[in-house]
Amino acid sequence: MEHIPYKAYALSNFRQIPQLACLTEEQLFDIQVVGSVLPFKTNSYVIEQLIDWDRVPDDPIFRLTFPQRGMLRPEHFDDVAAHIRAGTDAAGLKPALQRIRMQLNPHPAGQMAHNIPSLDGEPLDGMQHKYRETVLFFPSQGQTCHAYCTFCFRWPQFVGMNDLKFASKEVDTLIRYLTVHPEVSDVLITGGDPMIMSAKHLAAYVGPLLEADLPNLRHIRIGTKALTFWPYRFIDDADSTAILDLFRRVARSGRHLALMAHFNHPQEMRTPALAQAVANIRETGAVIRTQSPLLANINDDPMAWARMWDKQVDLGMVPYYMFVARDTGAQHYFAVPLVRAQEIFREAYQRVSGLGRTVRGPSMSAGPGKVQMLGVSEVRGEKVMTLRFLQGRDPDWVHRPFFAAYDPDAAWLDDLRPAFGEKEFFFEPGLRHRYAGPRNAEQDEPVEAW
Ligand SMILES: *Cc1c(COP(=O)(O)O)cnc(C)c1O
Ligand code: SF4
């Protein structure tokens, strides 16, 4: 198998990518404009192995990593384009970019406080604890990726808005927290992409967790996109062996290592490098579970999902979640209404065998919890949408069906209204009780697991 040397491309050097010769000057300028606002970074593997250049600019992997004009609202696009045409330098451009980004991210920083746990009265930066069993941990060394997805809602972590950055060097703090929270069985190490870290750095986090030998900590999960953005991480990078040895160590400690792998399209699964990486990881005893957001213009097609789940099962991975695109960033470009999302899920689900039907979705990671859109029904003459929690801030909300008035355009929980003329959803009094404040202001947080 050919190992491509890693080379990253961003705004400063993307015009050197030879394959981009197929684009017009105007298309290159669009990338420059949109890439100034949204995250933009790609690499040699994505360019040489994943993108089908005969299909550019419509290729899904091209749209996944190269910013597209439609991702910015026209007024934002024109604003930035005017600055760039006028030759404004980076410092001069900054205030305009900052202003636009704040409009794209509807989450004032103060709201992040809801999921930050505390210990002895001190807030623990770099951690989130929202669902009883699972703590999210954001190692400070893992807050970037091998390439960036254009839809990423974690972009405030990458583009220098440091006050929005979660980070922690404090694995000791994590261990102390786990010690006093015996209800937590899972630590989910996330980012960015923790697999951007060297084996040494990753071991500096995972090693002490194992050595602490906490009886409650049974599952260690690592969220990653490296399987599709840089599979060589698990094959023949300089420290790949050490990475795989670390995975083995987790299994030998009697704990379950779950790699939560992020996929977007079946095209990401056709390279020999991907198959080899998956085989190497599975050989350590780790289990790979897959999660994917549903994205207009990239994968809003049941056949793409059926092929993705089938191929994952073929390779020994376990389909886990289909997510609804979050209400942030370029959501107008990527959003799929909930009713349509459920149709895509159902059509794909019907096409795969039971082994692929471990997947759940489509699910919104909203403020009150992970909410699954189950389908459209008619109850006593009223057309309704049936939903349920897969995860809830209050564990008692989970798996109780509830109903929203039918709305084929609704794309997020906030867009929905209760069915049957009721004033509020069943969970709202409890949510108010937990967090005083108006309904919509409290529901979302900018950073959380897919
Ligand atoms: C999705 C998520 C988890 C993990 O949920 P599972 O259903 O156990 O996979 C944990 N914490 C947060 C904040 C999440 O969004
Ligand atoms: S954090 Fe995940 S979604 Fe965001 S750019 Fe990295 S791989 Fe893509």
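Residues numbered from 1 in each chain as written. Chains lettered and ligands numbered in written order. Predicted model: local features only at pLDDT ≥ 70, side-chain atom pairs only at ≥ 80, totals over all residues. Heavy atoms only, no water.

## Quick look at the environment of Gln98
And step 1. Within the element layout of this structure, Gln98 appears in helix H5 (residues 90–104).
And step 2. Given a relative accessible area of 32%, Gln98 falls into the partly exposed group.
And step 3. As for Gln98 and Val37, which are separated by 61 residues in sequence, their C-alpha atoms are 8.3 Å apart. (Helix = DSSP H or I, 4+ residues; strand = E, 2+ residues; numbered from the N terminus. Buried < 20%, exposed > 50% of the residue type's maximum accessible area, 1.4 Å probe, protein only.)

## Some points on the side chain of Gln68
And step 1. Checked against the element boundaries, Gln68 lands in the loop between helix H3 (60–65) and helix H4 (74–85).
And step 2. Ignoring any residue separated from it by four or fewer positions in sequence, one finds Gln68 in contact with Val34, Pro57, Phe62, Arg63 and Tyr333. (Contact = heavy atoms within 4.5 Å.)

## Some points on the site of ligand 1
And step 1. Around ligand 1 lies a shell of 11 residues, among which Arg221, Tyr320, Tyr321, Lys370 and Gln391 are the nearest.
And step 2. Here an oxygen atom of ligand 1 and a side-chain polar atom of Arg221 are 2.7 Å apart.
And step 3. Measuring from an oxygen atom of ligand 1, one finds a side-chain N or O atom of Lys370 at 2.7 Å.
And step 4. Put simply, the parts of the chain that give the shell around ligand 1 at least two residues each are strand E5 (127–131), strand E6 (134–137) and strand E11 (318–324).
And step 5. Looking at the shell around ligand 1, its residues break down into 5 nonpolar, 2 polar and 4 charged. (Near = heavy atom within 4 Å. Polar contact = N/O pair within 3.5 Å; in protein donor to acceptor, adjacent residues only side chain to side chain. Nonpolar A, V, L, I, M, F, W, Y, C, P; charged D, E, K, R; others polar.)

## A few points about the domain arrangement of the chain
And step 1. As assigned here, the chain comprises domain 1 (8–102) and domain 2 (118–435).
And step 2. Placing the centre of domain 1 and that of domain 2 at their C-alpha centroids yields a distance of 27 Å.
And step 3. Contacts between the two partners involve 30 residues from domain 1 and, on the opposite side, 33 residues from domain 2.
And step 4. Between domain 1 and domain 2, a total of about 2,600 Å² is buried, with carbon and sulfur atoms accounting for 62% of that surface. (Domains from an automatic or database assignment. Buried area = accessible area lost by both parts, 1.4 Å probe.)

## Examining the nonpolar core
And step 1. One finds Leu227, Phe234 and Phe247 to be the most contacted residues of the largest nonpolar core, which totals 109 residues.
And step 2. Counting contributing residues per domain, this core is built from domain 1 (8–102) and domain 2 (118–435), each supplying no fewer than three.
And step 3. Those residues in contact with Phe234 that lie beyond four places of it in its chain are Met195, Ala226, Leu227, Ser240, Ile243, Leu244, Phe247, Leu259, Ala277, Asn280 and Ile281.
And step 4. Formed by 20 residues, the second largest nonpolar core is a distinct cluster that contains Phe389, Phe402, Ala404 and Leu413. (Core = buried A, V, L, I, M, F, W, Y, C linked by side-chain atoms within 4.5 Å.)

## Observations regarding the pattern of salt bridges
And step 1. Under the defined criterion, the tally for this structure stands at 18 salt bridges.
And step 2. Where Arg176 meets Asp120, a salt bridge forms, and the shortest distance between an N and an O atom there is 3.5 Å. Of this pair, Arg176 sits in helix H6 (residues 171–180) while Asp120 is found in the loop between strand E3 (118–119) and strand E4 (122–123), placing the two residues 56 residues apart along the sequence.
And step 3. Accessibility expressed as a relative area gives 69% for Asp120, which makes it exposed. (Salt bridge = Lys/Arg side-chain N within 4 Å of Asp/Glu carboxyl O.)

## Remarks on the side chain of Ser240
And step 1. One can find Ser240 in helix H9 (residues 240–252).
And step 2. Non-local contacts of Ser240, meaning those with residues more than four positions away in its chain, are made with Tyr232, Arg233, Phe234 and Ile235.

## A look at the sheet that holds strand E8 (residues 219–224)
And step 1. Pairing is mixed in the open sheet, where 11 strands are placed in the order E5-E6-E7-E8-E9-E10-E11-E12-E13-E14-E15. Two strands in the sheet have a free side with no partner beyond their single neighbour: E5 and strand E15 (402–405). Recorded for the sheet is a direction-independent mean angle of 30 degrees between the axes of neighbouring strands.
And step 2. Bridging between strand E14 (residues 382–392) and E15 involves 4 bridges; their strand directions are antiparallel. Looking at E15, one finds that Met385 is bridged to Ala404. (Pairing = 2+ DSSP bridges. Axes fitted to C-alpha atoms, helices over the stretch in contact; angles between N-to-C directions.)

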